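As a plain string of letters, each chain reads:
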Amino acid sequence: MQSTILKTATNYLLPLLLMFSIFILLRGHYESGGGFVGGLIASIAFVLHSFAYGLESTKVLLKFPPLRFIPVGLLISFSAGIMPMFLGKPFMTGLWAENKLPVLGLVGSALLFDIGVFIVVIGVTLTILFTISESVSSE
Amino acid sequence: MILAVLAGFIAAFLLAFLGKFFKGRLSVLLGLLPLSIFNYFLYFFPYITEGKQLTFSYNWIPSLGINLDFRLDGLSMLFVMLITGIGALVFFYASAYLQGHKYLDRFYAYLSLFMGSMLGLVLADNILLIFVFWELTSVSSFFLIGFNNDNAESRKSALMAFAITGCGGFFLLASFVLIGSTADTYSIDSMRLATDLLKAEPGKYLTILVFLFIGAFSKSAQFPFHFWLPGAMKAPTPISAYLHSATMVKAGVYLLARFTPILGNHIYWNTTLACVGGFTMIYAAFHSIFRKDMKSILAYSTISALGICVFLLGLGTSHAMVALAAFLLVHGLYKAGLFLITGIVDHETGTRDIDKLGGLRKWFPLVAVAGLLAALSNAGVPLTFGFIGKDLIYEATLHMFGNLSYVLTGLAVLTNIFLLYAGFNTGIKPFIGAIPENLAKVSHHETLSPLLWLPPLLLGGTGIFFGVLPYIPDTLLISHAARSIYGTGIDAPLKIWHGFNLTLMLSAGTLVAGLLLFLRFQPKAMSAATEYWSHKISPHGLTEWIGVQTRLLAYNYTRIMQNGYLRTYVLTIAVFLTVLIGYRFFTTVDLRVNTSNFTDIRLFEFVSFAIMVIAIMMAVLTNSRLTAIVSISIIGYTICLIFVYYGAPDLAMTQFTIDTLTVVLFVLVLFRLPQYLNEANWKIKIRDGFISLTFGTLISLITLQALISPANKQISRFYADNAYLLAKGKNVVNVILVDFRGADTMVEIMVLTIAALGVYSLLKLNAKPTDKD
């Protein structure tokens, strides 16, 4: 399926959707959103790209196989969880920076945790979809 | 202290990484581990001989009342000495016995694991801790029995042993929980004060006893759970020597001894133990004289010896406790020795059949000496430690009241005669006479490694040493161990010479009768039919039958319930839920529908509803799978709209993206799905329609019911109130996900990972075999 309209639209939609997903991820603590939904939206962006340009070019775009995203995300989330233990607090205690940052607002370990979730969700969704789509097309 | 207990575990863990260095000759060095623990515990002897007990406490899970509490008293000390002392010899011995085995590192890892668990078991003061170590000994025993994992018999025996001891473990846990909740403490030390509390309710006391006994008997191979032990002899001989004669099987005896001051001295306790122990000792001893395989003989005589231990515990007198403590030591020394000798014979000649063996003293004179010493100690010849052990047993039975004492003494004498026969058969018979023709051709080492012959010789020598100077083991170990079991001090020093009395006559009689039996008796082999039937109705055969039936049941269950068709899974889940919830719902809930709180239906709600109904009809009626998928996604999106109306934007967003991805997934696999079933026969249609309608109706009813039930708002209010205060977030849903219940989310992303890995491995890694089809 090769469609010029879809390709052109994807060229604009992909960065927009990715930015939107990051926006959703960051605002999660105060407004609707969060790492999980953000990750799903980012996955949809990549799925759209794979529909327009084919799976192989999406893989090139991603640089790493989606399976590789998962351990990275898990590691980030986990480190956000054990960070407080180095300060003598229980596992998963929320830590917060003293001052607000521009644009981002107050930053804390919860945000780091959410970023991990975000990456895991992208990895999981794309792994499942790409694997299935490859196994279908190979027969 | 904690280091000594955990050393075995640490060693096992390190061996997983450093194993390759210890596969060769360096494996001898691993014997230093039990040896150094042995030496470490020697340091505590002054405290033990003063009659003190040492307590070591480390925090583990204080919130659950489980701490790493260890206590060293006389009984623990006796076991620690057996575990580490015999352990050290077995470690050294195995390094020569299994020289060049490709899994030697694994072997030592399992063995260290076992030693650590066993030490923990006899030192732990908290019964839950005891349970943990108890199970660990079963697990490590499973690995060790199945060590020759390319042998089907070996694997089967390992499973059998694990099944029996594992089942026993379940009962033990039940008993421990009952004991703990009744006594209101999990510490054995403080339980001594609660002994009246535990015996207050006869029903409860009996339940505790039955569960405890099943646990202990299955581990210590008492009738009717004894049959796993001969099977466990499939393990390499050092293992049999260590686990299945000297240490692990005595864990059950240890447990019973440990609980004697707490639960003992009650008619239920004493009668059961005396009967089961008495029956086991005579039954197994009788069996042992018909065996031809050296290991099999030793297995049955070990079961019998364990029976003697349980029997003595059942007698419950102070004499019996001294006899028990002495017998534990005696048995550990000579039985481990006999096993190690059997190992050498097997290793060098390739057979363990006593009919095919003989004259080996010409090849291995030192091993013959060790065998002679062990067999003499087993027989209870004067000046061996076994003589003292046997004397004490007779003393114990003779001190029972009335006519009972004659019966019990007779039983003990008979058992000992059979055991003597078994001991001579393994310790002496292979070494006397001429070397049979077949055997003479077998090539063997001219000189044995000292690692092989020294350990059994040391064990035999110790037996003689203790026999000549009995006050040494008595003052160091036996009297303190007996005091730990009995509760108060016992004034009965071990002596070689008690004067001419009935006990001495009995000992002499046992020796003579046993010798006559050994010289005259030649057991005949059982006929095939008798063997078949006796196996079939024995506990062993019954357990195998249960095992086969269980596997059959599992097979059929899986075939019906997990047949791989998604539609069957959905159907099963729906029917199961409908029946289960429906039953509960209609029998217990007073069904009311209160419409007064309902708001008027607004136009956009009606429109959404109408769209949904149309989409459902489309999905049900269409003949095209694509249309069905699109219709279902329309339903999903409409549900998103409803979430938006009722103020759940997070939910709506997630539902929306998930729905999109689901449609993508469906489209991807569309062409691979089987024939569309809508054309199938009308019976299936009616069945599915009926189930869907019932399920839907039930869910609707539950929802309506939930509306009128008063909701507990406490939890949601807590989150709403504290989201900003505690977690500095305004979006309560997200704050719950990443902060309040962050650990849940952590686990959930792991679940997602597993799902992705599952899909990936199913489709990617399994692709090759399907390609061939």
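Only a predicted model underlies this, so the values are computations on that prediction, with no experimental measurement involved. Residues take numbers from 1 onward in each chain, read along the sequence in its written order. Chains and ligands are labelled by the order in which they are written, letters from A for the one and numbers from 1 for the other. Given that the model is predicted, a residue must reach a pLDDT of at least 70 before its local features are reported, and side-chain atom pairs must reach 80 or more before they are shown or counted; all residues, however, enter totals for whole chains, interfaces and linings.

## Describing the overall build of chain A
Comment: elements are numbered from the N terminus, with helices defined as DSSP H or I runs of at least four residues and strands as E runs of at least two. The secondary structure content of chain A amounts to 5 helices and 0 strands. Secondary structure elements of chain A occur, N-terminal to C-terminal, as α-α-α-α-α. Taking all contacts inside chain A whose residues are at least 6 apart in sequence as the whole, residues at least 24 apart take part in 67%. Throughout, a residue-residue contact means that the two C-beta atoms, derived from backbone geometry, are no farther apart than 7 Å.

## Some details on the overall build of chain B
The helix and strand inventory of chain B stands at 34 helices and 2 strands. If one aligns the C-alpha atoms of chain B with their principal axes, the spans along those axes are about 110 × 65 × 50 Å. Any residue whose C-beta has 12 or fewer other C-beta atoms within 10 Å is treated as exposed, any with 20 or more as buried, and any in between as partly exposed, C-beta atoms being built from the backbone. A buried classification covers 43% of the 773 residues belonging to chain B. Within chain B, contacts between residues separated by at least 24 positions form 77% of all contacts whose residues are at least 6 apart in sequence.

## Here we look at unusual backbone geometry
In this chain, Phe223 of chain B is followed by Pro224 of chain B through a cis amide linkage whose omega measures 5°. Tracing the sequence through the fold places Pro224 of chain B in the loop between helix 10 (202-219) and helix 11 (228-232). Although it is not a glycine, Lys63 of chain A sits at a positive phi angle of roughly 70°. Of the residues examined, Lys63 of chain A has 7 C-beta atoms within 10 Å and is grouped as exposed. The backbone of Asp184 of chain B shows a phi angle near 65°, a positive value even though the residue is not glycine.

## Observations concerning the nonpolar core
Of all hydrophobic cores here, the largest spans 191 residues; its most connected members are Leu78, Cys309, Leu312, Leu324 and Ala326 of chain B. Here this core takes 20 residues from helix 16 (residues 318-349) of chain B, the largest share from any one element. If near-sequence neighbours (up to four positions away) are discounted, Ala326 of chain B is found in contact with Ile388, Gly389, Leu392, Ile478 and Leu494 of chain B. Each nonpolar core reported here comprises buried Ala, Val, Leu, Ile, Met, Phe, Trp, Tyr and Cys residues connected via C-beta atoms within 7 Å. Residues Ala45, Val120 and Ile128 of chain A together with Leu752 of chain B belong to the second largest nonpolar core, which totals 45 residues.

## Let's talk about the packing of helix 28 (residues 625-645) of chain B against helix 29 (residues 649-669) of chain B
All names here are of chain B. Look at helix 28 against helix 29: their axes get within 8 Å of each other, and the N-to-C directions meet at 170°. Judged by the inter-axis angle, helix 28 sits roughly antiparallel to helix 29. Residues Ile629, Ser633, Gly636, Tyr637, Ile639, Cys640, Phe643 and Val644 of helix 28 form the contact with helix 29, whose own contacting residues are Pro649, Leu651, Ala652, Gln655, Phe656, Asp659, Val663 and Phe666. To obtain an axis, a line is fitted to C-alpha atoms, over the contacting stretch when the element is a helix, and the angle between two such axes runs from 0 to 180 degrees between their N-to-C directions. With respect to orientation, any angle under 35 degrees is reported as roughly parallel, any angle over 145 as roughly antiparallel, any angle of 65 to 115 as roughly perpendicular, and every other angle as oblique.

## Here we look at the interface of chain A and chain B
Tallying the contact residues gives 41 residues for chain A and 38 residues for chain B. Listing elements by their share of the side of chain A that touches chain B, those giving two or more residues are helix 2 (35-53), helix 4 (69-86) and helix 5 (109-137) of chain A. It is helix 5 of chain A that provides the largest number of residues to the side of chain A that touches chain B, a total of 17 residues. Grouping the constituent residues of the side of chain A that touches chain B by class yields 24 nonpolar, 15 polar and 2 charged. Three residue categories are used. Nonpolar comprises Ala, Val, Leu, Ile, Met, Phe, Trp, Tyr, Cys and Pro, charged comprises Asp, Glu, Lys and Arg, and polar comprises the others, including Gly.

## Considerations on the environment of Phe576 of chain B
Residues and elements named next belong to chain B. Its place among the elements puts Phe576 in helix 26 (residues 566-588). Look at Phe576 and you get exposed, because 10 C-beta atoms sit within 10 Å. Sequence separation between Phe576 and Phe695 is 119 residues; the distance between their C-alpha atoms is 10.0 Å.

## Digging into helix 1 (residues 2-18) of chain B
Residues and elements named next belong to chain B. The end-to-end C-alpha distance of helix 1, which contains 17 residues, comes to 23 Å, matching closely the 24 Å that a straight helix rising 1.5 Å per residue would cover. At every residue, the bend is computed as the angle between two fitted axes, covering the seven residues ending there and the seven beginning there respectively. Roughly 35° is the biggest bend found in helix 1, and it falls at Gly8. By the burial criterion, the buried members of helix 1 are Ala4, Val5, Gly8, Ala11, Ala12 and Leu15. Where helix 1 is buried, its residues meet helix 2 (32-42), strand 2 (66-72) and helix 5 (104-123). Expected span of a helix: the number of residues minus one, times 1.5 Å.

## Observations regarding the packing of helix 12 (residues 237-246) of chain B against helix 16 of chain B
Residues and elements named next belong to chain B. With their axes 8 Å apart at the nearest point, helix 12 and helix 16 run at an angle of 160° to one another. Comparing their axes, helix 16 and helix 12 come out roughly antiparallel. With respect to the hand of their crossing, helix 12 and helix 16 are arranged in right-handed fashion. In contact with Thr237, Pro238, Ser240, Ala241, Ser245 and Ala246 of helix 12, helix 16 contributes Gly332, Lys335, Ala336, Phe339, Leu340, Thr342, Gly343 and Asp346. The residue inventory of the contact of helix 12 with helix 16, partitioned by class, reads 6 nonpolar, 6 polar and 2 charged. The handedness criterion is simple: a crossing whose near helix is rotated anticlockwise from the far helix by less than a right angle is left-handed, and one whose near helix is rotated clockwise is right-handed.

## Looking at the confidence of the model for chain B
Counting all residues, the mean pLDDT for chain B is 82, and 92% of those residues have values of 70 or more. The ipTM value of the predicted complex is 0.88, and its pTM value is 0.72. Every residue carries a pLDDT, the predictor's confidence in it, which falls somewhere between 0 and 100.

## Some points on the environment of Phe56 of chain B
All names here are of chain B. By secondary structure assignment, the location of Phe56 is in strand 1 (residues 54-61). Residue Phe56 is classed as partly exposed on the basis of its 15 C-beta neighbours within 10 Å. Sequence separation between Phe56 and Val210 is 154 residues; the distance between their C-alpha atoms is 31 Å. Ignoring anything within four residues of it in the chain, the contact list for Phe56 reads Met1, Ile2 and Phe70.

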